Amino acid sequence: MGSAVAQCPHGITSHSTGNLGQKKLGYSSRCSKFPCQLDFARFGLLHQGSSAASSSDHSTEFGRRINAVPDMDDMFWDKVPTPLLDMVENPIHLKNLSVQELKELASEIRSELSCIMSEKPNSLKASLAVVELTIAIHHVFHAPVDKILWDVGEQTYAHKILTGRRALMRMMRQKNGLSSFTSRFESEYDSFGTGHGCNSVSAGLGMAIARDIKGKRDRVVTVISNATTLAGQVYEAMSNAGYLDSNMIVILNDSRRSLHPKIEQEPKTSITALSSTLIKIQSSSFFKGITKRIGRGMHELAAKFDEYARGMIGPQGSTLFEELGLYYIGPVDGHNLEDLICVLQQVSSLDSMGPVLIHVITEDNHQDAECNEKIEADNPQEVLSAGYDDSVSSSVQTRTYSDCLVDSLLMEAEKHKDIVLVHAGMEMEPSFQVLQETFADRFFDVGMAEQHAVTFSAGLSRGGLRPFCIIPSTFLQRAYDQVVHDVDRQKIPVRFVITSAGLVGNSGPVYCGAFDVTFMSCLPNMIVMAPSDEDELVDMVATAAQIDDRPVCFRYPRGAIVRTDHFMHPGIPLEIGKGRVLVEGKEVALLGYGAMVQNCLKAQALLSRLGIEVTVADARFCKPLDTELLTLLCENHKFLITVEEGSIGGFASHVAQFIALNGHLDGTVKVMNIRNFHFW
């Protein structure tokens, strides 16, 4: 362990010691005369008495977990010098920087992000694309008084660095570390937590209306991306914002990423010197307010002319936002700090502007190559090792459940030519790209439109096809109404493949699949099952393909399969509602559901060494339950322990209800439950 203290009234000086291999590491740096005081031992993300007082209990707990001094051996690494960034402890330090200094700061943040995240598998493209935009927002607005909301966490890494969390960036997605999303419990600068995207406009509008009712004057800024514009909630919120006409700013970060290759191949929206000048004029208070200061008849005419002129300046489709009631400004070069600051300052100075949408064009790889060249020159070993993770040969890579799903779907698609695949979620796993390439005319990726994906699958089924609807567990939550009314109530045979079920490692609670067993198994017509290993996964794909009179779902976890021989057997349809006994024992029975069966087998192996023989059973089905198997286990054992990975109300609840209703609790058996999610 090491220690780090840095404080100086007229400059930033830091002294630290730590062990690096066999060498003692000493570090001292002094840069720029800037009033600043840093003390890593007192590093706090939520200041006492802040506006986040309502979350004090949570924030205090978070503070206790992260305020410890980071290990200096992990904090210091070879990297490009960042003298300007070293001065910035919070956004207020950006206010007096010149545009040229802000440009240099943007370059330093890119270098910092590339260096910090080079060891992590997370994509940096989204955050690298919005570095200038993030700087401009914090330069113009006054967070945390002004509310800044982000739609997706991948855009917020620069935001985290500028809001006092730079020292903890290397602890992102680690235990007791930073979240990869914005979190109200992490910082007062995070006005609202991001999750699955598309929520920032709705939440921002709510904050704007609350501000108006309370008579306050703070600004509300929301940043959305291409991906979130695929979700209907964004347009619902925009339509309501246009109707309520409350002051708020929506920034569309357009990085030209699309689900449609033809769109991405089209010429990109050009931003010329003329269009840049026109955008500055249209965002000015004079241009925006002139139509409100003239007579009624002329006001309507001027407003129409204003809208027409901006439609001529803007790209194709920009009038959509006008029809929703938002005043469209753009496109703006997302990497031109002068233009960004000018437009944001003009818009922020308007007193009665109503909702405004600023269309910002960014590049995912803007200056990224330059940063990578610097890092590679300074850290050849680090770059080499980091690059190796992405280029490991397929023979070395671990085979996952998704790989097995793809292989089994390919086999079933050869037997059933009417199988079609619908995929929804924020991003597609690499495994599914094989399906997309192999069945280009039968694979439909709808992005973050889970509600549409479910009803679309129902329509495909009613059209005589066999749809498999592939959605991660946590994203299926957004489409539950469609699952209930458009599928289950009508007994339409849609086959739901629920991926990333259960715990999902460092992706955290946002992607955690805790609830699918609970909310799917309570539906009257749904068949709910889960494989214990890759062999059962293949069989359940074959089972689902055969079912044509009702909906069915099966879940599988993120991660590696059980076996390592990679042998794939043809799928054999299972008998609906039938489990199996894997190991015969005495007195104690472990009844596992899904991936937890493997944990039961490991427990049985350990107990057998101690001379304790237990029974291990694989339930396979949560609904319908194997009542014969349950009766057998209750009658022949003193203890029945169910083991699952999910929330209250899931598999164990169904087992307990059956046992209670059928009088098995009147005997000698005692029933217990083990779940991974003890807090739900």
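Shown above is the structure to which this text applies.
Throughout what follows, the structure given in this document is the object of discussion. Small disclaimer: the values here were computed from a predicted structure and weren't measured.

What counts and what doesn't
- Residues numbered from 1 in each chain as written.
- Predicted model: local features only at pLDDT ≥ 70, side-chain atom pairs only at ≥ 80, totals over all residues.
- Heavy atoms only, no water.
- Axes fitted to C-alpha atoms, helices over the stretch in contact; angles between N-to-C directions.
- Helix = DSSP H or I, 4+ residues; strand = E, 2+ residues; numbered from the N terminus.
- Parallel < 35°, antiparallel > 145°, perpendicular 65-115°, else oblique.
- Left-handed = near helix turned anticlockwise from the far one by under 90°.
- Contact = heavy atoms within 4.5 Å.
- Nonpolar A, V, L, I, M, F, W, Y, C, P; charged D, E, K, R; others polar.
- Buried < 20%, exposed > 50% of the residue type's maximum accessible area, 1.4 Å probe, protein only.
- Pairing = 2+ DSSP bridges.
- Phe/Tyr/Trp six-rings, centres within 6.5 Å; stacked < 30°, edge-to-face > 60°.
- Lys NZ or Arg CZ within 6 Å of the ring centre and 35° of its normal.

## A few points about the packing of helix α7 (residues 200-214) against helix α8 (residues 232-244)
Piece 1. Put simply, α7 and α8 touch, their axes get as near as 8 Å, and they point 25° apart. Put simply, α7 runs roughly parallel to α8. In this structure, the crossing between α7 and α8 has a hand that is left-handed. Along the contact surface, α7 presents V201, S202, L205 and I209, while α8 presents Q233, A237, M238, N240, A241 and L244.
Piece 2. Residues that form the contact of α7 with α8 fall into these classes: seven nonpolar, three polar and no charged.

## Focus: the environment of M428
Piece 1. Mapping M428 onto the fold places it in the loop between β10 (419-423) and α18 (430-438).
Piece 2. Judged by relative accessible area, M428 falls into the buried class, the value being 18%.
Piece 3. Separated by 17 residues in sequence, M428 and D445 have C-alpha atoms that sit 8.3 Å apart.
Piece 4. Beyond its immediate chain neighbours, meaning those up to four positions away, M428 contacts H423, Q433, Q436, F443 and D445.

## Regarding the sheet that holds strand β7 (residues 248-254)
Piece 1. Here five strands make up an open sheet; going across it, the order is β5-β6-β7-β9-β8 and the pairing parallel. Strands at the two margins of the open sheet, each flanked by one partner only, are β5 (147-150) and β8 (327-333). Within this sheet the neighbouring strands show an average axis-to-axis angle of 20°, counted without direction.
Piece 2. On the sheet, α8 packs against β6 (220-225), β7 and β9 (355-361) and is oriented at approximately 135° with respect to β9.

## Let's talk about the pairing of strand β18 (residues 615-618)
Piece 1. A two-sided burial pattern is seen for β18, the buried positions comprising T615 and A617 on one face and V616 and D618 on the other.
Piece 2. One ladder, built from three bridges, connects strand β16 (residues 580-583) with β18; its direction is antiparallel. Within β18, the residue paired with V581 across the bridge is A617.
Piece 3. As judged from the four bridges shared by strand β17 (residues 587-592) and β18, these two strands associate in the parallel manner. Paired with L591 across the two strands is A617, which belongs to β18.

## Here's the deal with the packing of aromatic side chains
To describe a pair of aromatic rings, one takes the distance between the centres and the angle between the planes.
Piece 1. Applying the stated criterion across every chain, the model contains five aromatic pairs.
Piece 2. Here F321 and Y328 contribute two aromatic rings whose centre-to-centre distance is 6.3 Å and whose plane-to-plane angle is 5°, an arrangement assigned as stacked. Here the two residues F321 and Y328 agree in accessibility, since each one is buried.
Piece 3. Residues F444 and F456 carry aromatic rings whose centres are separated by 5.4 Å and whose planes lie at 90° to one another, so their mutual orientation is edge-to-face. Of this pair, F444 sits in strand β11 (residues 443-445) while F456 sits in helix α19 (residues 450-462); the two residues are twelve residues apart in sequence, bridging distant segments of the chain.
Piece 4. Using a relative accessible area of 26% as the deciding quantity, one classes F456 as partly exposed.
Piece 5. Lying over the aromatic face of F468, R495 brings its terminal NZ or CZ to 6.0 Å of the ring centre.

## Concerning the sheet that holds β16
Piece 1. Taking strand neighbours across the sheet as the criterion, the five strands line up as β16-β18-β17-β20-β21 in an open arrangement whose pairing is mixed. Every other strand in the sheet has two partners, leaving β16 and β21 (670-675) as the edge strands with one partner each. The sheet shows a mean angle of 25° between the axes of neighbouring strands, direction not considered.
Piece 2. Here strand β20 (residues 637-644) pairs with β21 via six bridges, running parallel. Within the sheet, the bridge partner assigned to V643 lies in β21 and is I674.

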